[in-house]
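Descriptive structure summary
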Amino acid sequence: MFNKIRKLFGSKQLGEGNKIVVNCEKLETRVALLENGSLEEYTVERVNDENIVGSIFKGIIRNIEPGLNAMFVDIGLEKNAFLHFWDAIPEALDASLEEIQRSGKNPNGEASGKGGKGGKGGRGGKGKSQGGRIQSKDIPGLYPVGSEVLVQVTKGPIGTKGPRITTNISLPGRYMVLMPRNDQLGISRKIEDPKERARLRKIMGEKLTIPEKMGVILRTVSAGQKLRYFVRDLAILLEEWRQIEEKAATEKAPYCVFQEPDLIERTVRDFLTDEIDEVLCDDAAAAERMKDLIGVISRRSRKRIQHFQTTTPIFEKLGIQKQIDDAFYRQVWLPNGGYLVIDETEALIAIDVNTGRAKTQDKMILQTNIEAAEEVARQVRLRNIGGLIVIDFIDMKSRRDQMAVYKVMRERLRNDKAKTQILQISQLGLMEMTRQRLHESLNITVNEPCHYCQGRGMVKSAESMSVELQRRINTILGRSENTGRELIVIVHPDVMERLRTHDGELFVELERRHNARLTFRSDASYYREQVVVADAKTQKEIRM
C-alpha cells in the first residue's frame, strides 16, 4: 500500500526529514513547513498585506486612559495603537528565559520558553520600583499627551482592535535577539543540554562585546554554534539599531523607522535552522535571494536551498495543497477513526474530541485522546489559532491516562514558536490552553464571512422558510390596502418543493382569508433564505 502511494505522489512528497517549501506567485507568497511529509506550519503573505508585527515606529501619544492603564499612540495607521502602562516600563528579562550574570548581577531563575522577544513590561514591574525603577503610576508623567515615543508592534490589528505596541524594543537576528533598551542577558531554555548552556553562558559573559545598557538573548538555534557567528550576528544587529536611531532622530512622527522583513527573509531568519534538511523554492530569483541572505551567516547552508523546477504547481507536486485544504474543514479525522470538531469563535476556540468509528474501550479511548492531543497541537500551529483554546477530550476515569494525554500535548507544543500555556485536564474533562496570537488565524486571513449565512455556517431549513413566508404574506395581506391583491412569490427550489408537498393547503387558506391570489415561482439562482414578494401588476417588490 505504501509503495502504491509513493508511486502515485512521488518519493519526495513522502520523504523523511524536515523541509521548507516556498511557492512564489504574482499575488502571494506561501511557505510550508513539512515534518516527515506532514504539514506543520503554513504562512501566506499577499502583495497588498502589510505585516507590521516587529516593525518599529516613531509615534505620538494621542490620549491616556488611566482607567485602562493604557495609552493610545498614533503610529500612522488607520487605528491608534494600544500601549499598556506595563509595556511602557523599561523591564527586565522575560520570565520565559534564563538571565545570565552580568556586572555583578545575580541571575534569575529558569523557566521554559523561547528566546524570540524581550520581556514584556507587565512581568516583574511591581518589585522593580523599590530599586529606583519606573512604576506604572509614573507613566502618564513620562509620556504626556503629544509627546513622541519609539515603539515596536507586538501584535497586529485583529478584528476591530488596533495593534498592540511596546517600548521594550527587540531586534531578532539569526542566533540572537538584541534588546537595545534593556541590559539583560539571557538564553532560551529550550536549549536543555547543561554543558551547552554553560558554554553559551561563558560566551555571553566573557567573549561577546555587548554595549552597555543593551541586552542580548541567545535563541534556540544558537546551540552548537561557534563564537564567530555570534560576533557577526551582533555586529549586524548593532548596525541595524544605529540606522533606526538615525531615522528616529531625523524623521517627523508618526513614521515607520524599521519595517519587519517580508516572508522570504523572515523564513530564512526564523525557520532555516540546522533541523531543516532542505528548502525547495519554485522561483529562481527568490531561491537566489534566500541563498544570499543565509550566506551572510552560514555559507554551507546555501547548499540546502534548491530551485525546484516543475510544470506542476509545487504545492500540488509535493502533496501540500491537499493538506492545506483539509486545514479549513471543521471536522478533522484521526488515524484510529475518531475525529476533532474545531469551532473558531470571537471569544475562544472550542475543540471537541469524538470517538467516531473508534471502539469505546478504555484503552481505545486513551489512544483516541492521545491522537487527538497530537493533532490539536498540529492544528493550532497550522491554522495559526491563538487566544483561549478549550479542548473537550473523551472522558477518562484514570488520572494516569489524563496525565498521559497532557504530557503528549505539552511535548508536541514544544516546537511551537508561539508562546503557549497549558493546564491539566479538569474534572469536567476539559483542557484549557492559551496560545500567543500575533496575527489573524489562517481561516480569517484567507476567508471572509458568507454573505448568505452571515458567518453562521448554517442556513434555515425549508420548513422554517415556509413558516416565515406564511407569516410574511399574512402580514402583507393583513393591511387594508392589500385586500384582494395578487402577489408573486419567488423562492428557492428547495422551499418550493416544501410548499408543493406539505404546505400548499396553508397558503390556499391565506388566499381565502384575505381574498387574494398567490402565484409561486422558483429560481435556482436564489439561496435558500432569499424570498421576493412582488405585486403582480406593478412587478415591484413589497418590502415589510
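Residues numbered from 1 in each chain as written. Predicted model: local features only at pLDDT ≥ 70, side-chain atom pairs only at ≥ 80, totals over all residues. Heavy atoms only, no water.

**Overview of the confidence of the model for the protein**
- Per-residue confidence for the protein gives a mean pLDDT of 82, with 87% of residues at or over 70.
- By mean pLDDT, helix 2 (residues 125-128) is the weakest element of the protein at 37, and helix 14 (residues 493-501) is the strongest at 94.
- The low-confidence segment residues 1-14, where pLDDT is below 50, has 13 contacts with residues more than four positions distant or belonging to other chains. (pLDDT = per-residue confidence, 0-100. Helix = DSSP H or I, 4+ residues; strand = E, 2+ residues; numbered from the N terminus. Contact = heavy atoms within 4.5 Å.)

**Digging into the state of the cysteines**
- Going through the model one piece at a time under the given rule, you end up with zero disulfides.
- With no disulfide partner, cysteine 281 has as its closest neighbouring cysteine sulfur the one in cysteine 24, 4.2 Å distant.
- Owing to a relative accessible area of 0%, cysteine 281 belongs among the buried residues under this scheme. (Disulfide = S-S within 2.5 Å. Buried < 20%, exposed > 50% of the residue type's maximum accessible area, 1.4 Å probe, protein only.)

**Section: the packing of aromatic side chains**
- Under the definition given, this model contains six aromatic pairs.
- Taking the centre distance of 6.0 Å and the plane angle of 85° together, the rings of tyrosine 175 and phenylalanine 230 count as edge-to-face. Of this pair, tyrosine 175 sits in the loop between strand 10 (171-172) and strand 11 (176-179) while phenylalanine 230 sits in helix 5 (residues 227-250), placing them 55 residues apart in sequence.
- What makes tyrosine 175 buried here is its relative accessible area of 2%.
- Note on phenylalanine 230: relative accessible area 0%, which makes it buried.
- One residue, arginine 228, lies across the ring of tyrosine 229, its end atom 5.0 Å from the ring centre. (Phe/Tyr/Trp six-rings, centres within 6.5 Å; stacked < 30°, edge-to-face > 60°. Lys NZ or Arg CZ within 6 Å of the ring centre and 35° of its normal.)

**Brief notes about the nonpolar core**
- Counting 30 residues, the largest nonpolar core has Leu340, Ile391, Phe393 and Met409 as its most contacted members.
- Elements that contribute at least two residues to this core include exactly strand 18 (339-344), strand 19 (349-354), helix 10 (362-382), strand 20 (387-392), helix 11 (399-412) and strand 22 (430-435).
- Per-element accounting of this core gives the leading share, eight residues, to helix 10.
- When residues no more than four places from it in sequence are discounted, the contact partners of phenylalanine 393 are Val353, Asn369, Ala372, Ala373, Val405, Met409, Ile425, Gly429 and Met431.
- The next biggest cluster of nonpolar side chains, apart from the first, holds 29 residues, and it includes Leu150, Leu200, Leu237 and Ile244. (Core = buried A, V, L, I, M, F, W, Y, C linked by side-chain atoms within 4.5 Å.)

**With respect to the sheet that holds strand 3 (residues 38-46)**
- The strand order across the open sheet built from five strands is 3-2-1-15-16, with neighbouring strands paired in mixed fashion. The open sheet terminates on both sides in strands that have one partner only, identified here as strand 3 and strand 16 (305-307). Taken pair by pair, the neighbouring strands of this sheet meet at an average axis angle of 20°, ignoring direction.
- Relative to strand 16, strand 15 (residues 278-281) is paired through three bridges, and the arrangement is parallel. For valine 279, the partnering residue across the bridge sits in strand 16 and is isoleucine 305.
- Against the sheet, helix 10 contacts strand 2 (28-35) and strand 3, and its axis sits at roughly 15° relative to strand 3. (Pairing = 2+ DSSP bridges. Axes fitted to C-alpha atoms, helices over the stretch in contact; angles between N-to-C directions.)

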